[in-house]
Amino acid sequence: MLEPTDIVRYEEGGPKVVLLDQRRLPDEEVELECGTVAELVTAIRELAIRGAPAIGIAAAYGLALAAERGEDLDAAAAALAEARPTAVNLAWALGEMRDDPTPAHARRLHEEEVERCRAMAAHAAELFGPGTRALTHCNAGGLATGGYGSAVGALRAAWERGLLAHVWVDETRPLLQGSRLTAWELEAAGIPHAVIADSAAAALMAGGEVDCVVTGADRIAANGDTANKIGTYSLSVLAAYHRLPLYVIAPTSSVDLATATGAEIPIEERAGAELTSRFPARNPAFDVTPAGLIAAIVTEHGVHRAPYADSLAMLV
Ligand code: MRU
């Protein structure tokens, strides 16, 4: 398993933020060094590092970098916060760092985020019955959280307890986080898995080959509506039709009680060139799954059930 510092770390004496370039996985394991906040903002925008908790951690290291280089902290925080709009973890991490923008503080946030993942995984494992065949979307593994993983962390914990039989990995169009990153992490963990086209999920569910859907989150609104990678909403509708539970596994750094419902979550629109170089395209990177289609939300505090307005309010 990747160490948290393999995924993203801060190095003094440059100083710089060093990250495993996720654009080049799984074919090449290459590090990218960001010596300025501007370089880190570009790395986040271009998905060299991605996944809600991981970009929050990178932003925390970025603010420490700005402080050490004597850069304007407000300008640095604004640039990092705007790098990607949907994941609330960016704003959360920058808020946490404001009063103490040091590398030591950023490292502590990183360690705590990985600890939250381990705690969530232990809670989430209680949701799995023996022989579970789970379907996951995008990558909510260690790469996406700075270590261990949220949805993939839950799968790891279920596997270790002998409860998981197989994972269906949505390839996750258009940037293939599932077939490039999640499959790579599951292979390293020795967890049986198979990549499927996103459009194959319905047929597998209809054929009785899926027991549950497990995903991460980029932002969970106060009422439980959850933004995650585009295609998660379709899976939630399919899961409801086939009477399968969809579980969202995410740390409290992804919970945004200041946003009342999913309708207020900003959805990132990415370049159409990620879909086609020839025709006009529309490329929303995330969608919102209504709370009513989520069987449970698991944070480091435990398994939260509907009504989420009540169960999530207790997190503050
Ligand atoms: O565009 P990405 O790759 O950053 O999207 C990531 C996701 O949608 C993940 O599922 C989400 O951030 C949760 S990661 C623990």
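Residues numbered from 1 in each chain as written. Predicted model: local features only at pLDDT ≥ 70, side-chain atom pairs only at ≥ 80, totals over all residues. Heavy atoms only, no water.

With mixed pairing, four strands are arranged side by side in an open sheet as E11-E8-E9-E12. Looking at which strands have only one partner, the edges of the open sheet turn out to be strand E11 (255-256) and strand E12 (286-289). Pairing geometry for strand E8 (residues 219-221) and E11, over two bridges, is parallel. Residue pairing for E11: alanine 221 is matched across the bridge by aspartate 256. (Pairing = 2+ DSSP bridges. Helix = DSSP H or I, 4+ residues; strand = E, 2+ residues; numbered from the N terminus.)

Moving on to unusual backbone geometry. Of note, the bond from glycine 14 into proline 15 is cis; its omega dihedral lies within 30 degrees of zero at -25°. With respect to the helices and strands, proline 15 occurs in the loop between strand E1 (8-11) and strand E2 (16-20). With an omega of 0°, the peptide bond running from leucine 25 to proline 26 counts as cis. Its location among the elements puts proline 26 in the loop between E2 and strand E3 (31-34). Phi at leucine 47 is positive, roughly 70°, even though this residue is not glycine. Position of leucine 47 relative to the elements: it lies in the loop between helix H2 (37-45) and helix H3 (52-69). Judged by its relative accessible area of 7%, leucine 47 is buried. The phi torsion at tyrosine 148 lies on the positive side, around 70°, for a residue other than glycine. (Buried < 20%, exposed > 50% of the residue type's maximum accessible area, 1.4 Å probe, protein only.)

Its 13 residues place the ends of helix H9 (residues 177-189) 17 Å apart at the C-alpha level, agreeing with the 18 Å of an ideal helix rising 1.5 Å per residue. Maximum bend of H9: about 25°, positioned at alanine 183. By the burial criterion, the buried members of H9 are Gln177, Gly178, Arg180, Leu181, Thr182, Ala183, Trp184, Glu185 and Leu186. In this structure, the buried residues of H9 make contact with strand E4 (132-136), helix H7 (142-145), helix H8 (151-160), strand E5 (164-170), strand E6 (193-196) and strand E9 (226-229). Once H9 finishes, glycine 190 follows within two positions and takes phi at roughly 75°, a positive value. (Expected span 1.5 Å × (residues − 1). Bend = angle between axes of the 7 residues up to and from the residue. Contact = heavy atoms within 4.5 Å.)

This paragraph deals with the pairing of strand E13 (residues 296-299). Here is the key point about a regular strand: its side chains alternate between the two faces of the sheet. Burial along E13 is two-sided: Ala296 and Val298 facing one way and Ile297 and Thr299 facing the other are all buried. Where strand E10 (residues 246-249) meets E13, three bridges bridge the pair, whose relative direction is parallel. Opposite valine 248, over in E13, you have isoleucine 297 as the bridge partner. Inspection of the sheet shows E13 paired to strand E14 (residues 302-304) by three bridges, in the antiparallel sense. Of the residues in E14, the one forming a bridge with valine 298 is valine 303. Adjacent in sequence and paired antiparallel, E13 and E14 are bridged by two residues.

In the vicinity of the ligand lie 18 residues, with Arg50, Arg84, Gln177, Asn228 and Lys229 positioned nearest. At a separation of 2.8 Å, an oxygen atom of the ligand approaches a polar side-chain atom of arginine 50. Those elements giving two or more residues to the shell around the ligand turn out to be H3, H7 and E9. Residues belonging to the shell around the ligand are distributed by class as follows: seven nonpolar, seven polar and four charged. Counting contributing residues per domain, the shell around the ligand is built from domain 1 (4-115) and domain 2 (118-315), each supplying no fewer than three. (Near = heavy atom within 4 Å. Polar contact = N/O pair within 3.5 Å; in protein donor to acceptor, adjacent residues only side chain to side chain. Nonpolar A, V, L, I, M, F, W, Y, C, P; charged D, E, K, R; others polar. Domains from an automatic or database assignment.)

Let us now look at the domain arrangement of the protein. A common way to express how large an interface is: the accessible area buried when the components associate. Segmenting the protein into domains produces domain 1 (4-115) and domain 2 (118-315). Computed over C-alpha atoms only, the centres of domain 1 and domain 2 are separated by 23 Å. Counting the surface lost from both domain 1 and domain 2, the interface buries some 2400 Å², and carbon and sulfur atoms represent 54% of this. If you sort the residues of domain 1 by the area they bury against domain 2, Arg50, Thr86 and Val88 come out on top, with a joint share of 25%. Linking domain 1 with domain 2 are one salt bridge, by the criterion used here. Taking the shortest distance from any N to any O, the salt bridge between arginine 84 and glutamate 268 comes out at 3.0 Å. For the pair domain 1 and domain 2, the interface holds 19 residue pairs in polar contact (both at pLDDT 80 or more). (Buried area = accessible area lost by both parts, 1.4 Å probe. Salt bridge = Lys/Arg side-chain N within 4 Å of Asp/Glu carboxyl O.)

Taken together, Glu96, Glu111, Glu112 and Glu115 make up a surface patch of like negative charges. No other element matches helix H6 (residues 103-125), which puts three residues into the negative patch. Residue position: glutamate 111 is located in helix H6. On the basis of relative accessibility, which here comes to 55%, the residue glutamate 111 falls in the exposed class. (Patch = residues over 30% accessible without salt bridge, like charges linked within 9 Å, V, L, I, M, F, W, Y side chains within 5 Å. Areas by Shrake-Rupley, 256 points an atom, 1.4 Å probe, with all protein chains shown as cover. Lys, Arg positive; Asp, Glu negative; His and termini not counted. Charge placed at Lys NZ, Arg CZ, Asp CG, Glu CD.)

Before going further, it helps to spend a moment on the nonpolar core. Counting residues in hydrophobic clusters, the biggest one holds 36 residues, and the most contacted among them are Val8, Leu19, Leu40, Ile44, Ile49 and Leu80. The set of elements that each furnish at least two residues to this core consists of E1, E2, H2, H3, helix H4 (73-81), helix H5 (89-97) and H6. Considering every element that reaches this core, the biggest residue donor is H3, with twelve residues. Not counting residues up to four positions away in its chain, the partners in contact with leucine 40 are Val17, Leu19, Cys34, Ala58, Gly62 and Leu80. The next biggest cluster of nonpolar side chains, apart from the first, holds 29 residues, and it includes Val114, Cys117, Ala140 and Leu164. (Core = buried A, V, L, I, M, F, W, Y, C linked by side-chain atoms within 4.5 Å.)

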